[in-house]
Amino acid sequence: MNLVLVTRMALRDLRSGEMGLLLVALVVAVGTVTSISLFVDRLQQALMSESATFLAADRQISSSRPIPDEFSVQARARDLQLSETMLFPSMVFVGDMNQLVSVKAVDDAYPLRGKLITAQEPFVRGTATQVVPAPGEVWLDSRLFPALGVTVGDSIEVGLAELTVGRVLVTEPDRGGSFFDLGPRLLMNIKDVPATEVVQPGSRINYRLLLGGDEPVLEELRSVLELEPNYRWVSIREASPRIGSALDRAESYLLLGGLLGVLLAGIAVALSAHRYAERHFDHVGVLKTLGATPSQILFGFLNILLLVGCVAIAIGLALGVLLHLLIVELLSSFIPVVLPSAGMRPYILGIATGLICALSFAMPAFIHLKDVSPMRVIRRDLGTAPASQKVAWAAAVFGSLFLLLWYSQSLMLTMWTLVGACVVIVIFGSLAYVLLKSGRVVGMQAGSAWKLALSGLQRRRKENVMQILVFGMAIMLLLVLVLLRTALVTEWRSQVPDNAANHFVMNIAADEVAAVQNLIDTEASSGDFLYPMIRGRVVAVNGVPSQQYQDQVVENPSEQGSELISERNLTWSAAFPASNEIVQGRWWASDSQAAEASVELDYAEDFKLKLGDLLSFDIGGQKRDAVLTSIRKLEWESMSPNFFIILSPPALQDLPATYMTSFYLEQSKKIFLNTLLTNHPTITVIEIDALIEQVRSIVVRVTQAVELILGLVLASGCLVLVASIQASRDARMAEHALVRTLGGTRKLIGGSLAAEFLVLGTFAGIVAVVGAELTVAILQTQVFDLEMKLHPWIWAVGPLVGALVIVVVGLLGSRGLVNSPPMLVLRGLN
Amino acid sequence: MRAKAGESVAVVGTSGSGKTTLLGILAGLDTATGGQVQLVDAQLHELDEEARALVRGKHVGFVFQSFQLLGSLTALENVMLPAELRGDRLAQEQALELLEKVGLADRTDHYPRQLSGGEQQRVAIARAFASQPTVLFADEPTGNLDTHTGEIIIELLFSLNEEFGTTLVMVTHDERLAQRCGRTLQIVAGVISNDSASQISQQGAGS
């Protein structure tokens, strides 16, 4: 067949609607992938750049050792932005006043991302600045001013250096939400550090190299540098686990949604290609009698497919771009106006998806055409060789696998999807078969429309099992996405409830507690806890001194970050702390008189601590022993303070402690902090309201993205339903036309069609609900790390919605079937 | 059986007697489980589908009971198909000429569904002769038409057959149609029970 002929036939098929569904299915596949990846690409870039302000950079390299020059050289060679900082605790002195502060020394490039906010007087909002403290100058946290009794212009001693107070530091980007980054901040120039002489062997210093630049370059740098085990590579995921995990889950969800959308569209492509091919069997028969060879047929129809594929890709890409622009426009209030433009990847992904869908889902049906016997022309009852069914399945499975793997770039997600699909097909197939079989028994006693419907269902049992499978899969995938979306959004929202405490107060002396609490109650709503805090260290385990014990049990000491003997914050509590979970042992009775201890799971594992171990503590020179009676798991993502070690009240309560509490303060009442700190200059306030606000806005955005994907996939799902109903249309049409010539009324046909779709839809719904519960359970536990939950409501809703949707779509799709004169149908089929 | 060039053969028999199967095998649409078929100079039983298709394209034309026009192509395009499949450049001129011969010069741009049954069959006949076949196979060409239209079609078929000097093999139920052919094969249960040609030659030999 020459190209002119091929093009003519393709265009005619397009115009006559024969190709319509195939084209739409391909367009949806390409459009879904393109718009999702365009949007995800840009959203990711936007979120990353926003999240980067948490690090003051795109990446950090952090270590307790000086960062080797080699690292900077390598980074500079790649045109990355660099900044060096140092963090260390130090005492500062002004006259006889002194205070422990947390010093951050920075160079002129700091910060690479985000802004420094400074002011000329303490406890005001401040403005952004482009500079850092000049050599000889320090910027102090507001609360240091009352604590040290200084004003701007005074000089203070940091180590051996005498420096001038230049400005009030309101906030810096990488302040972090750590509860134990104790002491208010002092920002100074890194050039002054040598003069302070605080850097001595053994002093606790954190060196950081801040990096800014393009993602691939950063990742490449990471692979080149020898970081392990002394240098830690920090991205937003490690720096802020709350946001990191929200991003991770959202990414997984978007990926999964995109995948399911493509797979659904793929099913629609396969179904409509199958129908197209079936309707062209006679066509091919005629061509063959006219002398078309099998290879001409193959070449011709593959060219038609290629042509349609190209048209679909072009439309799909355009649609994808438009759709993603629409989304960006809709979400513009949440996304910075200047979104970085997406790269080529989404387009390439879209084109490839179109080609792969056409190749693996549509081509088998097209290849099959060459096997059509020319005898069909004179003998209509002649079927076609069934062998290529296997080819079709193999091609579809292979194509899906390739798409899954390439698109998700995650072997695990692909394997789970594959296993799920296999299980689903086997279980669903048998379930649908059994359901259909039981349908006949019920049908025996039913009225005539029902009888007609059920006999139809019985006669085409194989096709109907397939159809229930396809319907069921489509409904199931949609249910899965809806359930997961709800689970994710609920989980995210619960992390930052409205009115969650957004300020923490530490270092409250015992005799100040009542006064501080009163003050808080007047202006803010109080948090739900008040913890005593005592600094102490574990000095022995079962009588073995800590250092010796640690050397014995820890196999690889060089990789062990923390030391058993390090000083830690201890607390005592009779009540079990919320957001903790006991994994071994039991929590002590509230009236327990014994000295008991409870430790965090990772801590216990790091130091091989077991229930029943006797822990000895040194608290300000006092010795205390406690028996380990429980091991807890902490929810690190919750916005509440977490303690590695908690003791029972008898073990600690007689020792002097400071206290920690929390409160919720509205943005407009921030000045209250001034009152609080002026009245109680020694307490420490940690503000996490900005952090909470940021987390919340990211959650809102990600939720919207997730909902959008859900909408797109819904569209693919509907397409599958339509394609599937279309695919069985011819068989139904012939049957019902026959019934009508035999005297069946339109009412009977309509009723029987509705009954048929009702049964198919209900069965598909049942199958879908079973599948959805299983899949969601697996996904929640394996991929999203959420708790498994059953959803009783979908057991009622699933079959109902399935039945309703399929009856409506089905009846709309076969309108012509009921209304057109039977002669026309029979003649058309001839 | 053997058919000479230019001969017209009618194959008659009851439903299920094997007429259509015979037609399929003779035309190279189907393969037989045994025996040999020679079409012009091609040994059809030795060829695969690819090669048989080439033989069909070169030597064979078809007219079917149900017309078998491609619904997505116009009358002209349907008639052009055989030549286009062969890669013939003059397809259009030749097709227009044929359509004129079957009296459809003014309906070239119509799609099959816009034509009556008789008109559709005339397009099919034009298409059958477009490949300038050596043998024309016809399967109940008037089966879907009323008597009057049927007669017109028969006239057309035989006159073109004469003009092109084509061998005609026709499966039919129609006694009158069979009588117009030079030779009649009667098939009963898959076996040729009566061949008018052999009777004549036997009679000739006997007389």
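Basis of the calculations
Residues numbered from 1 in each chain as written. Chains lettered and ligands numbered in written order. Predicted model: local features only at pLDDT ≥ 70, side-chain atom pairs only at ≥ 80, totals over all residues. Helix = DSSP H or I, 4+ residues; strand = E, 2+ residues; numbered from the N terminus. Contact = placed C-beta atoms within 7 Å. Buried ≥ 20, exposed ≤ 12 C-beta atoms within 10 Å, placed from the backbone. pLDDT = per-residue confidence, 0-100. Nonpolar A, V, L, I, M, F, W, Y, C, P; charged D, E, K, R; others polar. Expected span 1.5 Å × (residues − 1). Pairing = 2+ DSSP bridges.

## Quick notes on the overall build of chain B
Part 1 of the argument: Broken down by element type, chain B carries 8 helices and 8 strands.
Part 2 of the argument: A separation threshold of at least 6 residues defines the contact pool for chain B, and within that pool the share at least 24 residues apart is 70%.

## Section: the overall build of chain A
Part 1 of the argument: A count of helical and extended segments in chain A gives 26 helices and 22 strands.
Part 2 of the argument: Here chain A, with 830 residues, has 45% of them falling under the buried criterion.
Part 3 of the argument: Pairs at least 24 apart in sequence give 86% of the contacts found in chain A among residues at least 6 apart.

## Re the confidence of the model for chain B
Residues and elements named next belong to chain B.
Part 1 of the argument: Mean pLDDT over chain B: 85, with 96% of residues reaching 70 or higher.
Part 2 of the argument: Within chain B, the element-level pLDDT minimum falls on helix α8 (residues 196–206), averaging 54, and the maximum on strand β6 (residues 167–171), averaging 92.
Part 3 of the argument: Per-residue pLDDT stays below 50 along residues 201–207; that stretch engages in 0 contacts with residues further than four places along the chain or on separate chains.
Part 4 of the argument: Model confidence for the complex is summarised by a pTM of 0.67, with the ipTM given as 0.87.

## A closer look at unusual backbone geometry
Part 1 of the argument: The amide bond that connects Tyr110 of chain A to the next residue, Pro111 of chain A, takes the cis arrangement and shows omega of -10°.
Part 2 of the argument: Topologically, Pro111 of chain A is positioned in the loop between β3 (97–106) and β4 (116–119).
Part 3 of the argument: Residues other than glycine seldom take positive phi values, yet Glu197 of chain A does so here, at roughly 55°.
Part 4 of the argument: Here Glu197 of chain A shows up in the loop between α5 (193–196) and β10 (206–212).
Part 5 of the argument: Despite not being glycine, Phe67 of chain B has its phi angle at roughly 65°, a positive value.
Part 6 of the argument: Note on placement: Phe67 of chain B falls in the loop between β4 (60–63) and α3 (75–86).

## Some details on the environment of Val193 of chain A
Residues and elements named next belong to chain A.
Part 1 of the argument: Among the structural elements, Val193 can be located in helix α5.
Part 2 of the argument: The exposure class of Val193 is partly exposed, given the 19 C-beta atoms found within 10 Å.
Part 3 of the argument: Along the chain, Val193 and Ala161 lie 32 residues apart, while their C-alpha atoms are 8.4 Å from each other.
Part 4 of the argument: Apart from residues no more than four positions distant in its own chain, Val193 is found in contact with Met86, Ala105 and Val199.

## Focus on the interface of chain B and chain A
Part 1 of the argument: At the interface, 27 residues of chain B touch 24 residues of chain A.
Part 2 of the argument: If you list the elements that add at least two residues to the side of chain B that touches chain A, you get α1 (19–26), α2 (49–59) and α3 of chain B.
Part 3 of the argument: No other element matches α2 of chain B, which puts 7 residues into the side of chain B that touches chain A.
Part 4 of the argument: Taken together, the residues of the side of chain B that touches chain A break down into 11 nonpolar, 8 polar and 8 charged.

## Here we look at helix α5 (residues 117–130) of chain B
Residue and element names in this part refer to chain B.
Part 1 of the argument: Look at α5: 20 Å from first C-alpha to last across 14 residues, which is about the 20 Å you get at 1.5 Å a residue.
Part 2 of the argument: When you tally the buried positions in α5, you get 11 out of 14 residues, the bulk of the element.
Part 3 of the argument: Along α5, the positions that sit buried rather than exposed are Gln120, Gln121, Arg122, Val123, Ala124, Ile125, Ala126, Arg127, Ala128, Phe129 and Ala130.
Part 4 of the argument: Summarising the contacts, the buried residues of α5 are in contact with β4, α3, α4 (91–101), β5 (135–139) and α6 (147–164).

## Details of α1 of chain B
All names here are of chain B.
Part 1 of the argument: The element α1 is extensively covered by neighbouring structure, given that 6 of its 8 residues are classed as buried.
Part 2 of the argument: Every buried residue belonging to α1 is among Lys19, Thr20, Leu22, Leu23, Gly24 and Leu26, and all of these are buried.
Part 3 of the argument: In the core, the buried residues of α1 are packed alongside β1 (8–13), β5, β6 and β7 (183–188).
Part 4 of the argument: Taken from the residues just after α1, Gly28 is the one with a positive phi, measuring 75°.

## Considering the pairing of strand β6 (residues 137–141) of chain A
Residues and elements named next belong to chain A.
Part 1 of the argument: Burial within β6 is extensive, with 4 of its 5 residues counted as buried.
Part 2 of the argument: Sheet topology note: the β6/strand β8 (residues 161–171) ladder contains 5 bridges and is parallel. When the bridges of β8 are listed, Leu140 appears paired with Val168.
Part 3 of the argument: Looking at chain direction, β6 and strand β9 (residues 185–189) are connected through 3 bridges and run antiparallel. Note that in β9 the partner of Val138 across the bridge is Met188.

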